Amino acid sequence: MLLQHLFDQMYRPLRLRGRSANTCRLYGCTIRAFGKWLGYPPTIDDLTDLTLSQYLDHRAAHRSPYTAEKERSQLCSLWRFAADRRIVPTRPEVPPAPLPDRVPRAWTLGELAAIYRAAAATRGFIGPVPAGVWYSALVSVLWETAERIGAVLSCRPDDFDGQHLHVRAEYRKGSKRDRVYRLSDRTAGLLRQACGTNRLLEWPRSHTLLWAKYADIVARAGLGRGRHLSFHALRRSAASHFASLGGDPVQLLDHSSPRITHRWYLDRRLTDRGPAPCDILPRIDEPN
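Structure report, in brief. The residue numbers shown here count from 1 along each chain, following its written sequence. Two thresholds apply to this predicted model, a pLDDT of at least 70 for residue-level local features and 80 or more for giving and counting side-chain atom pairs, whereas whole-chain, interface and lining totals are computed over all residues. Only hydrogens and water are removed before side-chain values are computed, so all heavy atoms of the structure are retained for them.

**Quick notes on the pattern of salt bridges**
Phase 1: Here, a salt bridge means any side-chain nitrogen of Lys or Arg that lies within 4 Å of a carboxyl oxygen of Asp or Glu. Counted under the stated rule, the structure contains 13 salt bridges.
Phase 2: Between Arg263 and Asp101 there is a salt bridge whose closest N-O contact spans 3.3 Å. You can see Arg263 sitting in helix α12 (residues 258–264) and its partner Asp101 sitting in the loop between α4 (65–84) and α5 (109–120), a full 162 residues away along the chain.
Phase 3: A simple rule labels every residue: compare its accessible area, found with a 1.4 Å probe on the protein chains alone, to the largest value its type can have, and call it buried under 20%, exposed over 50%, or partly exposed in between. A residue is classified by how much of its surface remains accessible, and Arg263, at 22% relative accessible area, is partly exposed.
Phase 4: On the basis of relative accessibility, which here comes to 55%, the residue Asp101 falls in the exposed class.
Phase 5: The structure contains a network of salt bridges with shared partners spanning Glu147, Arg172, Arg177, Arg179 and Asp254. Here a strand is any run of E in DSSP of at least two residues, a helix any run of H or I of at least four, and the numbering for each starts at the N terminus.

Next up, the structure:
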């Protein structure tokens, strides 16, 4: 049985019922990447500890260790599902690899302003909407809500009342809680100009192209390229600046634990208010 068939016909309807479309998309990306490495569409016979370990070593060498760990978790979940139903005779014994504890990085206000200017200067049209207006609206909404890109793109015209954006639970990761955000007059005005027919910010092509176009905007802003510079950097930036001004970033991001917020989102350059060692330790370059 093809691994994709196992996912489509059994795992997705039984284990991912009610989960976001993005979660299902990410499983599909993992299965395709595994198949690309194998050189053929993966089957349940490819679910062996040695094969999976070799694949994960390859992924960690060519992608981030976090990507490799996500794919290990997804492939092992599919494998355990198949084993529970006696489709395969064994269960995975592929432990997680150690992950580096990265320091989150946020955009400075100057960098954010450069991104906004580059977005506003984008030429062309997205459907009937000028591209500069569409991208400006997208960047502004992501900044003022700290929402994930998938949730914002799922919003419909009737989720926006002219001042407030209602992001429904089913649009959001976990699908647990609605959120309502009051937007600035400027952002609300951009949304009114960019509003589509079926989606508030209607993107008529693939999400892959949107990510590529946004990468072009960041590059035109003079900030380089890289996966760490994608839409999620706006979410980290909003949380870090919000915290630096006394706001509650855990509530803003709707996280279940402050540990998640502090480990993965807050840039210490913005949020650490206490004295640094250099403020307290005596100078060693001058005589007493």
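**Comments concerning the layout of surface pockets**
Phase 1: Here a cavity denotes a set of grid points, spaced 1 Å apart and computed over the protein atoms alone, in which a 1.4 Å probe fits but from which it cannot get out, and a pocket denotes an open set meeting protein on both sides within 12 Å along at least five of seven lines; residues with an atom within 4 Å of a point are reported as lining. Grid points are joined across faces, edges and corners, and a volume is the space filled by probe spheres set on the points. Size it by volume and the second largest pocket reaches roughly 280 Å³.
Phase 2: Forming the boundary of the second largest pocket are Trp143, Glu144, Ala146, Arg179, Val180, Tyr181, Ala238, His241, Phe242, Leu245, Gln251 and Leu252.
Phase 3: Put simply, the parts of the chain that give the lining of the second largest pocket at least two residues each are α6 (131–145), β4 (179–182), α10 (232–244) and α11 (249–253).
Phase 4: Considered class by class, the residues forming the lining of the second largest pocket number eight nonpolar, two polar and two charged. Three classes are used, and their members are as follows: Ala, Val, Leu, Ile, Met, Phe, Trp, Tyr, Cys and Pro are nonpolar, Asp, Glu, Lys and Arg are charged, and the others, Gly among them, are polar.

**A look at the state of the cysteines**
In protein structure, a disulfide is the covalent linkage between the sulfur atoms of two cysteines.
Phase 1: Any two cysteine sulfur atoms lying within 2.5 Å of each other are counted as a disulfide. Counted according to the given criterion, the structure contains zero disulfides.
Phase 2: Cysteine Cys24 remains unbridged, with the sulfur of Cys29 as its closest cysteine sulfur at 11 Å.

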